[in-house]
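Structure assessment
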Amino acid sequence: MPTLDDILEHIGEFDLFQKQVFFVLCFMSAAFTPIYVGVIFLGFTPEHHCLSPGVAELSSRCGWSLEEELNYTVPEQGRRGESFSSRCRRYNMDWNTTGLSCINPLENFTGYYGNRSSIPLTHCQDGWVYDSSGSSIVTEFNLVCEDSWKVDLFQSCVNAGFFFGSIYVGYIADRYSLRLRIYLCLRAQEVATSGVLVAFAPSYLWIVIFRFLQGLVSKGSWTAVTEIVGPSHRKTVGILYQVAFTVGLLLLDGVAYAIPHWRWLQLTVTLPCFLLLLYYWCLPESPRWLISQKQNDKAMKIVDYIAKKNGKKLNVSNINLEEDDGEKRSPSFTDLVRTPQMRKHTFILMYNWLASSLQYQGLIMHMAMAGEDMYLDFFYSALVEFPAAFIILLTINRIGRRYPWAVATLVAGVACLIMALIPEDIHWLKVTVGCIGRMGITMSIEMVCFVNTELYPTFLRNLGVMVCSSFCDVGGILAPFIVYRLAEIWHELPLIVFAVVGLIAGGLVVLLPETKGKTLPETIEDVENLHR
């Protein structure tokens, strides 16, 4: 009996109907962008210094410019070995004292002996002044200095949601047999609702809770795009689906530039997700899901509908569909590490998933933190993802998977190392090298996505992808802490970490077998023989 893939070869593997469905699903890919990297704009930290009561009145009376006000009233950076002391410390003095000089107001205070370093400092007890016309969660909740780690947690919690959500979604879908379009609609409603709750959250604690919930329900639908596409087009469709994510990056950048206030920005990028509820009427049920549920008659009606939309004829009365035989054996976690080659594949893929996510998110956050123009640098680095997809499409079936993947990962690692060595005053070169690194790591993520499926036998493939790809979320949890905490020690230290992680990942990729032109393994024995 023929399988669904056999029938798709006859009625069109990626014809008119599949292209229409693919276009609709690409909106979901673009809508995922604000959840994944929205912290760049929602958690933006502008230049800031302590609010000192009385300084504004004194500055107005003396007619100081902003530069003069900062010079007279804000401690110098790095004094007494403290990093960013001008952002997190202020002079322990009363600026409302009468008779202060406009030329050198510090000389009127006890403890001043011709050197401002002799004046004691204190914490920013009265808040901060931010050099920004917009707002972010940082400026609203004062997530700076001792509380700056809360920005890291804001991003880490959404990745933690991704981690638990990938397990939760798969379990719920299998346990309660959720149909594809019903699942997509439920997911759309949950993503939109949790996103709106983030926009209206009254406190930082509630933001973190809603952000976690948003991550919990945001992942797990990318495989839906390949449900009705033939095998010869799945990799191309998967790559183009990621291109839609890149389009979402560019749109997010433009919207964030136009709306510099984080609550309105969060609301603006979330409300369109409610349109995903229309998927219930726009998308057919998945014939693969129906076949797995022994509902072949319903599956054949949908197959017949696809054939008619594609302008092909199909006599459904003479066809009996069968399930793939590879799913009959129950998968086990121990199968992933039981034999030498399986064990090697699993550990290398786990590490590369973690490394790819760590470098991708980390590089985006570091470039935004270090850039002169956050919006322009984000735009340039997002643009390079288009040639990354094009290079993959050109090389994957000509050269193979292993060497382009290894080279891309090594390029990303080397680019991070070079960035760390470029002086800050050569900003254009730093951004250029960063974009090259971004292109390399984008290719690496694309490669690991589909090579993962080619290195496991059929009955173990879904479990293998779920376990290995979960380390992508682990990398996302670690990335903000590595970027923002290590940058306080040395601004370029996160780049050194990314370089080391990337170079190791690229070297490990070479140890994997080439899968180009090889039949997908059906058994563990087939996997053990892949390297031959």
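Before reading further, recall that the structure is shown in the block above.
Every value quoted in this text rests on a predicted model; they were computed, and no experiment measured them. (Residues numbered from 1 in each chain as written. Predicted model: local features only at pLDDT ≥ 70, side-chain atom pairs only at ≥ 80, totals over all residues. Heavy atoms only, no water.)

A closer look at the overall build of the chain
Note the threshold: In this text, helices come from DSSP runs of H or I with a minimum length of four residues, and strands from runs of E with a minimum of two, each type numbered from the N-terminal end. We call a residue buried when its accessible area falls under 20% of the maximum for its residue type, exposed when it is over 50%, and partly exposed in between, using a 1.4 Å probe and counting protein chains only. Every residue pair with non-hydrogen atoms within 4.5 Å of one another is taken to be in contact. Accessible surface is estimated by sampling points in the Shrake-Rupley manner with a 1.4 Å probe; for residues, cover comes only from the protein chains shown.
Scanning the chain for helices and strands turns up 24 helices and four strands. A buried classification covers 54% of the 532 residues belonging to the chain. Expressed as a percentage of contacts within the chain between residues at least 6 apart in sequence, the contacts between residues at least 24 apart total 81%. Accessible surface, the chain as shown: approximately 24100 Å² in total, 62% of it carbon and sulfur.

As for the side chain of Arg-402
The line we're drawing: Here a polar contact is recorded for every N or O atom pair within 3.5 Å, except that within protein the pair must consist of a potential hydrogen donor and a potential acceptor, and residues adjacent in sequence are included only if both atoms are side-chain atoms.
With respect to the helices, strands and loops of the structure, Arg-402 is situated in helix α20 (residues 402-421). There is a polar contact of 3.4 Å between the side chain of Arg-402 and the side chain of Tyr-403. Among all residues touching Arg-402, those that are not within four sequence positions of it are Val-509, Val-510, Leu-512, Pro-513 and Glu-514.

Points about the nonpolar core
The condition is simple: Nonpolar cores were defined as sets of buried Ala, Val, Leu, Ile, Met, Phe, Trp, Tyr and Cys residues, with membership established by side-chain atoms within 4.5 Å.
Membership of the largest hydrophobic core comes to 137 residues, with the highest contact counts inside it found for Ile-11, Tyr-36, Ile-40, Phe-41, Leu-349, Tyr-360 and Trp-405. For this core, the element with the most residues is helix α17 (residues 340-370), which contributes 14 residues.

Some words on the pattern of salt bridges
Our working definition: Any Lys or Arg side-chain nitrogen located within 4 Å of an Asp or Glu carboxyl oxygen qualifies as a salt bridge.
In total, this model carries 14 salt bridges according to the counting rule given. One salt bridge connects Arg-263 with Glu-140, and the closest N-O pair in it is separated by 2.6 Å. Remark: Glu-140 occurs in helix α8 (residues 137-141) and Arg-263 occurs in helix α13 (residues 262-270); sequence separation between them is 123 residues. The class of Arg-263 is partly exposed, set by a relative accessible area of 24%. A residue is classified by how much of its surface remains accessible, and Glu-140, at 39% relative accessible area, is partly exposed. Between Arg-485 and Asp-152 there is a salt bridge, with the nearest N and O atoms lying 2.7 Å from each other. Of this pair, Arg-485 sits in helix α22 (residues 461-489) while Asp-152 sits in helix α9 (residues 149-176); the two residues are 333 residues apart in sequence, bridging distant segments of the chain. Looking at Arg-485, the relative accessible area reads 22%, which means it is partly exposed. Taking the relative accessible area as the measure of exposure, Asp-152 reaches 0% and is therefore buried. Counted as one network, the salt bridges with shared partners bring together Asp-152, Arg-485 and Glu-488.

Some details on a negative patch on the surface
The condition is simple: A patch consists of residues whose relative accessible area exceeds 30% and which take part in no salt bridge; residues with like charges are grouped when within 9 Å of each other, and nonpolar side chains (Val, Leu, Ile, Met, Phe, Trp, Tyr) when within 5 Å. Counting rule applied: Lys, Arg positive; Asp, Glu negative; His and chain ends not counted. Here the site of a charge means NZ on Lys, CZ on Arg, CG on Asp, or CD on Glu.
A grouping of Glu-372, Asp-373, Glu-424 and Asp-425 is seen on the molecular surface, where their side chains present a negatively charged patch. Inspection of the secondary structure assignment puts Asp-373 in the loop between α17 and α18 (374-383).

Describing the environment of Thr-395
Mapped onto the elements, Thr-395 comes out in helix α19 (residues 385-395). Placed 10 residues apart in sequence, Thr-395 and Trp-405 show a C-alpha to C-alpha distance of 10.0 Å. When neighbours within four sequence positions are excluded, Thr-395 is seen to be in contact with Gly-400, Pro-404 and Met-447.

Observations concerning the packing of aromatic side chains
For any pair of aromatic rings, the description rests on two quantities: the centre-to-centre distance and the angle between the ring planes. As a reminder, the rule being used: Within 6.5 Å between ring centres, the rings of Phe, Tyr and Trp (the latter by its six-membered ring) count as paired, and their orientation is classed by plane angle as stacked under 30 degrees, edge-to-face over 60, tilted in between.
By the definition in use, this model includes 16 aromatic pairs. The interplanar angle of 85° and the centroid separation of 5.7 Å between the aromatic rings of Phe-17 and Tyr-305 together place this pair among those described as edge-to-face. Of this pair, Phe-17 sits in helix α2 (residues 16-31) while Tyr-305 is found in helix α16 (residues 296-309), placing the two residues 288 residues apart along the sequence. By way of ring pairs, the aromatic residues Phe-32, Tyr-36, Phe-162, Phe-245 and Tyr-360 are connected into one cluster.

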